[in-house]
Amino acid sequence: WLFKITRTATGTGTGTNTNTPTHSPSQNCGQTSTMSILLELNFKQKNATRLITAIGGFSAYLLIKDSTKLSMALGAIMALMLRNPTIVYVLFITIPRDLTAAYRFLKLNVFLYYMEYKKWSLARIFQEKYRSTPNKCCFVMGERKLTFQEMEEFSNKVGTYFLGKGFRCGDCVALFMETRPEYVGLWLGLSKIGIITALINSNQRRETLKHSIEAAKAKAIIVGTELAPILKDVWQNEDLKWLSIFQFSDEEQRDNDNFDLIKEAVDLTADLKQQIPQNLQVYIEQCKPKDTLLYVYTSGTTGLPKAAVITNLRYLFIAAGTHYMVAIKPNDIVYNALPLYHTAGGIIGVGNALIFGCTVALRKKFSASNFWKDCIKYKATAAQYIGELCRYLLTTPRKPEDTLHNLRLMYGNGLRPQIWSQFTTRFNIPNIGELYGSTEGNSNLANVANQVGAVGFIPIVARTLYPVQVIRVDEESGEPIRNHNGLCERCAAGETGLLVGKVDPRRAVTSFHGYADQKASEKKLLRNVFKKGDVYFNSGDLIVVDILGYFYFKDRTGDTFRWRGENVSTQEVEAIITNVIGLQDCVVYGVEIPHIEGKAGMAAIEDPEHKVDLNHLSVGIRGSLPSYAQPLFIRLMAEIPRTGTFKMKKRELMLQSFNIHKISDPIYYLNKDGVYRPLSEEQYQLLLDGKAGL
């Protein structure tokens, strides 16, 4: 439904569907953009391609007709081209895109190889950058600014201080703090003496926070004053009594009458003011590209967070890969409203400053009402996004600031296709750089061609060479489908498959360092994929590829569920419901019903102001989704539980299911007349007894 599978199409991938029924929202359900996936050429396109090929071939023949060998070779080539017009068409259409991507990818690899050859760590690279532009603004947040020289001096103080406290290379220190310019300086300073920093999600509490500290085997923790009460509550636990606490505070916090220092904590801010920085060059030279730099935690949407290992080289690859592929420039001012404890804000955003000398503007917490005002204030030329952020911006009232900015690029991941065109048009965004990847994974793609809905592409000539592949998979179980030889097979165009990335520790592009927990790392690997002995990273994402090489995200394995003999993609159902209810938050998942095969669909909708019209929703769903994909249950919530990066915690909702005895939120049931009404006690019992007529 979200995808329009196109077999009769134009060169840009749009056209009418003659293969699979397309369910589009009724006109009163809001605007939506559909992705058109080009699977094959129509009759006119094939013949036009053959005609152009023949004209080109005849022109070439006139130039070489005196050479028998060349004429015979040309004849053979022409025969192949005329028999395969699709390949000729694709090559011709994608030449500009592929040449641009190849040039950028080459620059990236040269940079990575050079850094590996020089054996430079991130701290060493930053030294070079600070020396070339010492007075340039490195980070700005509100009225506070840190130049590159100030960042270098601050980080040197941090490294010197912790060296004096007895910390050594290989030790781990946790960082539990909200966004501020000094956040980066703290972990950068620790890295100069080889200390690993675990970037703790500032939204974590109690058991989750305790787990994250223990998972990293941290010897100490640096805590921001704003989070000190939360840490103090956890620190009372006997298991963490040994943990050294260093409390950092802003001048504004210290001037507050309510400023409170944890009794057992060291006043890090005061100590750093007195600290005389040493020359840490000897320690910096000892740090190598493959040494661990950070632990960055996964979002924890399916359980407790896992600490992903980020080496210096991995950091360079993620940050430089984004910088080169979406064409960020050293003189760009990048607006980053994302949290710094996560890959998006702390690596993809911050890396532009540390490695390439860009100015990065920070914000403590994303604000939809202030986003464009900040872009104007800081004169930003590029800005980061994650998918939900874009939708929040679209829900704000129209105002002059929407288009008064100077942005030439927005880049990030998760921009949903149903709002893509609407977003770029309303806010006048010339270029979108949609990225695909994960904190721990090696399956990386980039859409640098502004192709609506695509998460990236691989040129047709490099499809079997590039280390990212799409293999056939059981959509419900997420398990790869193997042939009689026990090996996996690549998917054809239009076929849903599992995205995997080849693991080769010799190259930064394909290495996989996994998690601090080795058992968790092993679970993410697939062995004997295309040949005996090879190893691939399992992304867990279901992808569809078109003949032009564009990759389109379909769903997560495990999120797709089976109902009434059909596979249901949660993301596609979410896309429809979101548009019907006016871009409100919505998450769809499968729930088990006793005595019934498969899982029934359930949608949780955020409705704090009780504005959702169930009759309108019923009409919209009936007109947009086939019967098997229509959610059987609707749950209206004041707030959907989320991670710090706005991802919705689907697992919690799945476990709660539709139990009206444990859930206080209103739950609605799809009646036989296609209308959602409150789930009654009688209906609930019939469902549990398997007598509901399903």
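How each quantity is defined
- Residues numbered from 1 in each chain as written.
- Predicted model: local features only at pLDDT ≥ 70, side-chain atom pairs only at ≥ 80, totals over all residues.
- Heavy atoms only, no water.
- Axes fitted to C-alpha atoms, helices over the stretch in contact; angles between N-to-C directions.
- Helix = DSSP H or I, 4+ residues; strand = E, 2+ residues; numbered from the N terminus.
- Parallel < 35°, antiparallel > 145°, perpendicular 65-115°, else oblique.
- Contact = heavy atoms within 4.5 Å.
- Pairing = 2+ DSSP bridges.
- Polar contact = N/O pair within 3.5 Å; in protein donor to acceptor, adjacent residues only side chain to side chain.
- Left-handed = near helix turned anticlockwise from the far one by under 90°.
- Nonpolar A, V, L, I, M, F, W, Y, C, P; charged D, E, K, R; others polar.
- Domains from an automatic or database assignment.
- Expected span 1.5 Å × (residues − 1).
- Phe/Tyr/Trp six-rings, centres within 6.5 Å; stacked < 30°, edge-to-face > 60°.
- Lys NZ or Arg CZ within 6 Å of the ring centre and 35° of its normal.
- Core = buried A, V, L, I, M, F, W, Y, C linked by side-chain atoms within 4.5 Å.
- Buried < 20%, exposed > 50% of the residue type's maximum accessible area, 1.4 Å probe, protein only.

The protein chain appears in an unreviewed UniProt entry as Very long-chain fatty acid transport protein from Glossina morsitans morsitans.

> Which residues make up the packing of helix H1 (residues 43-64) against helix H3 (residues 85-118), and what values do they have?
Across the interface, H1 lies against H3 with an axial gap of 9 Å and an inter-helix angle of 75°. As summarised for this structure, H1 and H3 are arranged roughly perpendicular, according to the angle between their axes. When H1 is examined against H3, the residues Gln45, Lys46, Thr49, Arg50 and Thr53 are found in contact with a partner set consisting of Pro85, Thr86, Val88 and Tyr89.

> Talk me through the sheet that holds strand E29 (residues 599-606); I want residue IDs and the actual numbers.
The strands that make up a sheet are held in pairs by hydrogen bonds between backbone atoms, and each pair lies either parallel or antiparallel. Spatially, 5 strands are ordered E28-E29-E30-E31-E32 in an open sheet, and the strand pairing comes out mixed. Looking along the sheet, the strands with just one partner apiece sit at the ends: strand E28 (586-592) and strand E32 (676-678). Pairs of neighbouring strands in the sheet enclose a mean axial angle of 30°, with direction left out of account. Summarising the sheet, E29 and strand E30 (residues 633-637) pair through 5 bridges and their orientation is parallel. If you follow isoleucine 605 over to E30, its bridge partner there is leucine 636.

> A description of the side chain of asparagine 447 should follow, citing residues and the corresponding values.
Relative to the helices and strands, asparagine 447 is located in strand E19 (residues 445-447). Polar side-chain contacts of asparagine 447 include one of 2.7 Å to the backbone oxygen of glutamine 451.

> For unusual backbone geometry, give the residues involved together with the corresponding values.
At lysine 119, a residue that is not glycine, the phi angle is positive and equals roughly 60°. By the element assignment, lysine 119 lies in the loop between H3 and helix H4 (122-132). Even without glycine at this site, asparagine 428 takes up a positive phi of about 55°. Mapped onto the elements, asparagine 428 comes out in the loop between helix H17 (417-426) and strand E18 (432-436).

> I'd like to hear about the packing of H4 against helix H5 (residues 148-164), residue by residue, with values.
The relative placement of two packed helices is expressed as an angle between their axes plus a distance between the axes. Running from amino to carboxyl end, H4 crosses H5 at an angle of 140°, the nearest separation of the two axes being 8 Å. Relative to H5, the element H4 is oriented oblique. Where H4 crosses over H5, the handedness of that crossing is left-handed. Each of Phe126, Gln127, Lys129 and Tyr130 in H4 lies in contact with H5, whose residues at this interface are Phe148, Gln149, Met151 and Glu152. Grouping the amino acids of the contact of H4 with H5 by side-chain chemistry returns 4 nonpolar, 2 polar and 2 charged.

> Go over the domain arrangement of the protein chain, please, and point to the residues and values.
Accessible area lost upon the coming together of the parts is a frequently used measure of interface size. Per the domain assignment, the segments of the protein chain are domain 1 (43-83), domain 2 (119-365), domain 3 (461-507 + 527-556) and domain 4 (560-689). The centre of domain 2, based on its C-alpha atoms, is set 35 Å off from the matching centre of domain 3.

> Tell me about H1, and please be specific about residues and values.
If you check H1, its first and last C-alpha atoms are 32 Å apart, about what 22 residues at 1.5 Å a residue would give, namely 32 Å. For H1, the N-terminal cap is asparagine 42; the gap from its side-chain oxygen to the backbone nitrogen of lysine 44 is 3.2 Å.

> Provide a residue-level description of the packing of aromatic side chains, including the pertinent values.
In the structure shown here, the tally under the stated rule is 25 aromatic pairs. Here a set of aromatic residues connected by ring pairs shows up, and it is made of Tyr335, Phe366, Phe371, Trp372, Tyr378, Tyr392, Phe423 and Phe427. One residue, arginine 97, lies across the ring of tyrosine 550, its end atom 4.7 Å from the ring centre. In this structure, arginine 490 packs its charged tip against the face of phenylalanine 530, placed 4.1 Å from the ring centre.

> Run through the nonpolar core, naming residues and quoting values.
By size, the foremost hydrophobic cluster in this structure holds 90 residues, and its most contacted members are Phe139, Phe162, Trp187, Ile222, Tyr315, Leu354 and Ile355. Considering each element in turn, this core owes the most residues, 9 residues, to helix H12 (residues 312-325). Sequence-distant contacts of tryptophan 187, that is, excluding residues within four places in its chain, are made with Leu122, Leu175, Thr197, Leu199, Leu293, Leu294, Tyr315, Gly346, Val350 and Leu354. Formed by 43 residues, the second largest nonpolar core is a distinct cluster that contains Ala604, Leu653, Tyr669 and Tyr676.

> A description of the pairing of E29 should follow, citing residues and the corresponding values.
Counting buried positions along E29 gives 7 out of 8 residues, so the element sits mostly inside the fold. As judged from the 7 bridges shared by E28 and E29, these two strands associate in the antiparallel manner. Across the sheet, the residue bridging to valine 588 is alanine 603, located in E29. As consecutive antiparallel partners, E28 and E29 are separated by 6 residues, and within that stretch histidine 595 has a phi angle of approximately 70°, a positive value.

> Can you tell me about the sheet that holds strand E11 (residues 266-267), naming the residues and giving the values?
Read from one edge of the open sheet, 7 strands run E11-E10-E9-E7-E8-E12-E13, paired in mixed fashion. If you trace the sheet from one side to the other, it starts and ends with E11 and strand E13 (307-311), each paired once. Two elements, strand E7 (residues 172-176) and strand E8 (residues 196-199), share 4 bridges in a ladder whose sense is parallel. Bridging across to E8, leucine 175 finds its partner in leucine 199. Lying over the sheet, helix H8 (residues 228-235) contacts E7, strand E9 (220-224) and strand E10 (244-248), oriented at roughly 145° with respect to E9.

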